[in-house]
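Secondary and tertiary structure notes
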Amino acid sequence: MGILITARQKGAKEEYTSPGENNLSVKMVIPTDDMEFMITAEEDFTGVIKFALTREGDASPEARFFLPGFMYGTNRGEAPLLVDSKAPRLRMTEDFPANPWWMVRSDRLSHPAALMYLNGRITGIAASPYYIYSEGGRRQWKPGLTGEFDQYCGYGCSLEKNEVWYTLGYENAPFLFVDSHKINPRTEMGENCFRIKKGETVSVRLHLFDIKAEDERGIHDALKWVYENYHESPRKRSTVAETVRDMAEAIAEDAWIPENHSYTCFVFDKGDHFEYRLLPSISWTNGLSAAAPMLFSAHRLGSEKIRSQAIDCIDHIVHCSINEKNDLPFLVEKDGKWSNSGWWYEKQNTPGHVAYLIGQSVYLILRAYEWEKNYGTEHPDWLEFAKRVINRTEKGRNQDYEYPYVFSEKTGSGMEYDSFSGAWCMAAAAYYSYLTGERAYVDDMMLSETWYHDAYIRHEECYGGPLDIDKNIDSEGILSYIRAVRYLHEIVESDEDRERLLDHMRDALYYEYTFKFCYNSPIKVPPLSEVGWSSCGGSITSVTNPHIHPMSSSILDEMAYYLRFRDDGYIRSRMEDTVFWSCQCHNSFDGEFGYGKKGWMSERFCHSEGLLTETYPDGSPASTWFALMPWACGSILEGLAGEAYDRK
């Protein structure tokens, strides 16, 4: 391995050239584990300095790159590019949105590291995500070091040269993806520049990785080191009990629509009245994703009002949504008519019942069933609904034992595959087997579990979860698999199978943690910059939607379940991060986040330049949506109302 240093000055016509050509001198110091450079400016320097980690003799198009939260493998660079939702892709041609290399500002990544897997080894760089002025000088940030913010750094990778990059200053290049439809050209040299005055010396310390690895999962050895050395805990704002109470009471009071037997998706506070945006669905962004967690919260709070609302929503879906042609639930009710034409419909390549919502809905109904039963009330109709749907979805697997992405409206057969979202059907079936003792589908589910692990998880490339991102890489889909493995582990008897399932559950949790911030990024856009909000513990949604939303908080019980069998300090600390993060994202008093009532929370937390599309009245950007979103609160409630509530 070697480090190649180059620089690009503001106003330069050429790309990166040698330090000497930019009036920079470099002195290298090599400590035991790290590599340190002292860079001195012979003349004032304004630009970006790049440190490229190279592996001699290893150039290969088979290289896989991992910039956590931003790049996974090639971000499916080999897949078709002409899709609606765009994301950065690596490909040896400049076919937008693909390119042979990418550069990005540090806060687009969840961990300050850039890694490469090739020929059985993980190589990479970890270094400070930004610089501060501390103790009278400019220094790379590290946990516990305080000072005034100076400048972001950057990371990058090149398929063309099989390199990973760290930069002083940064570029968003060849494009800046604000979101999947708003893509800006390469960052102009200006605020992104690192400035070194004539005679000034800057110290740069890099930690280099060279790890033998069986497959792409070897990145976790590096990321554990990064977590240990850069970890900061989230702020401690509200308690678990306070968060559950405030959120649940706000949703029950401000978001319940009785005539719809459901909650609205958005609530906007207009001062003297509320405005609603329904976006109806039986799950994912409405319906059961709010109702089931509200039911759990109702039992924790002893609130019959909240419970009756949640049961009304669940009963309505159970009794009214089934498509009698195929025993699958329709996904949307509009004006009293059921169909599959949700807000995501025009993004589907194939019309029909989508597995993501079907499986998630059945899973949540079963969770609600178990909670109600534990508190003394049985709902046999809920269980019968689940059985009816599962009997249909279990017949839909292909020869790989993968569940469909879309089921036919006419027959219920599989119409489209090649996605992770069908794992929700596996989660529902495994949970049903656990609750009822029914074992008819367990053997096939075990084959499906193995397929999803070996085809997707072991390569750190899970795609095809949520419906709005054209099968790009995401963090959401893995949450279904984690739940499925948990309940398969509950019901299988073989010690060998149980240990293998725990291994796979660990792999899946570790994958999810690649999207979860390990430190508190310096947010620069209000309201998050003004309230002390912490990024650590929150997970970036996908490589397409570059913001943090709370869905990963919903699997706190699964993290706790794993820890019953194995003492993994990494998972335990990540679980604590998730709890603390979950308790500091809502209004603890009216208007705390610049909008809304106590207990309100939106789904959107913009930790970087990504998704800054909401604005204040004066047109300046805002780092959150100014709305209450019950489904997003539901993800928090589902996680906190479980074991976390008892532990407080």
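Overview of the structure. Everything quoted here is computed from the prediction, not taken from an experiment. Residue positions are counted from 1 within each chain, in the order its sequence is given. Under the rules for a predicted model, residues below a pLDDT of 70 receive no local features and side-chain atom pairs below 80 are neither given nor counted, while totals for whole chains, interfaces and linings still include all residues. The side-chain numbers reported here are obtained from all heavy atoms of the structure, hydrogens and water having been left aside.

Some remarks on the overall build of the chain
- Across its full length, the chain holds 14 helices and 32 strands.
- Here the radius of gyration uses the C-alpha set of atoms, whereas the globule reference equals 2.2 Å times the residue count to the power 0.38. In terms of overall size, the chain behaves like a compact globule, its C-alpha atoms giving a radius of gyration of 25 Å where 648 residues would be expected to give roughly 26 Å.
- With the principal axes as the frame, the chain shows a C-alpha extent of 80 × 55 × 45 Å.
- Note on classification: 1.4 Å probe, protein chains only; a residue is buried when its accessible area is under 20% of the maximum for its type, exposed when over 50%, partly exposed between these limits. Burial analysis of the chain (648 residues in total) assigns 65% to the buried set.
- Within the chain, contacts between residues separated by at least 24 positions form 70% of all contacts whose residues are at least 6 apart in sequence.
- The Shrake-Rupley method, run with a 1.4 Å probe sphere, supplies the accessible areas, and residue values consider only the shown protein chains as cover. Accessible area for the chain stands at about 23300 Å²; split by element, carbon and sulfur atoms hold 46% of it.
- Think of it this way: Lys and Arg go in the positive column, Asp and Glu in the negative one, and His and the chain ends go nowhere. Each charge is placed at NZ for Lys, CZ for Arg, CG for Asp and CD for Glu. Across the chain, the 67 positively charged side chains and the 98 negatively charged ones have centroids separated by 2 Å. Secondary structure follows DSSP: runs of H or I at least 4 residues long count as helices, runs of E at least 2 residues long count as strands, and numbering of each begins at the N terminus. A contact between two residues is defined here by any heavy atoms of the two lying within 4.5 Å.

So, the pairing of strand S2 (residues 24-29)
- Pairs of strands are assigned from DSSP output, requiring at least two bridges between the strands. Direction of pairing for S2 relative to strand S3 (residues 34-41): antiparallel, over a ladder of 6 bridges. Looking at S3, one finds that Met28 is bridged to Phe37.
- Counting the residues in the hairpin turn of S2 and S3 gives 4 residues.

Some thoughts on the sheet that holds S3
- Strand order in this open sheet of 7 strands is S2-S3-S19-S11-S10-S5-S6, and the pairing throughout is antiparallel. Both outer strands of the open sheet, S2 and strand S6 (71-73), are each paired with one neighbouring strand and no more. The mean angle between the axes of side-by-side strands here comes to 20°, regardless of whether they run parallel or antiparallel.
- As paired strands, strand S5 (residues 64-67) and strand S10 (residues 113-118) are joined by 3 bridges and run antiparallel to one another. Across the sheet, residue Phe66 finds its bridge partner in S10, namely Leu115.
- The axes used here are C-alpha line fits, helices contributing only the stretch in contact, and every angle between their N-to-C directions lies in the interval 0 to 180 degrees. Contacting S5, S10, strand S11 (121-126) and strand S19 (201-212), helix H1 (residues 219-230) runs over the sheet at an angle of about 145° to S19.

Comments concerning the pattern of salt bridges
- By salt bridge we mean one thing: a side-chain nitrogen of Lys or Arg within 4 Å of a carboxyl oxygen of Asp or Glu. Per the counting criterion, the structure on display carries 46 salt bridges.
- The salt bridge involving Arg186 is made with Glu15; its shortest N-O contact spans 2.9 Å. Pair noted here: Arg186 is in the loop between strand S17 (183-185) and strand S18 (194-196) and Glu15 is in the loop between strand S1 (2-9) and S2, with a separation of 171 residues, a long-range link.
- Taking the shortest distance from any N to any O, the salt bridge between Glu394 and Arg397 comes out at 2.4 Å.

Some points on the sheet that holds strand S28 (residues 353-354)
- Read from one edge of the open sheet, 3 strands run S28-S29-S30, paired in antiparallel fashion. On the outer flanks of this sheet lie S28 and strand S30 (414-416), each paired with one strand and no other.
- When S28 meets strand S29 (residues 406-407), the two strands line up antiparallel, connected through 2 bridges. Across the sheet, Val354 pairs through a bridge with Val406, a residue of S29.

A few points about the packing of aromatic side chains
- Here a Phe, Tyr or Trp ring, Trp counted by its six-membered ring, pairs with any other such ring whose centre lies within 6.5 Å, and the pair is stacked when the planes are under 30 degrees apart, edge-to-face when over 60, and tilted otherwise. Scanning the entire structure with this criterion turns up 50 aromatic pairs.
- Seen from their ring centres, Tyr130 and Phe149 are 5.6 Å apart, and the 40° between their planes marks the pair as tilted. Placement of the pair is Tyr130 in strand S12 (residues 130-134) and Phe149 in strand S14 (residues 148-158), with a sequence separation of 19 residues.
- Relative accessible area serves as the criterion here: at 8%, Tyr130 is assigned to the buried category.
- Phe149 gets classed as partly exposed once you look at its relative accessible area, which sits at 23%.

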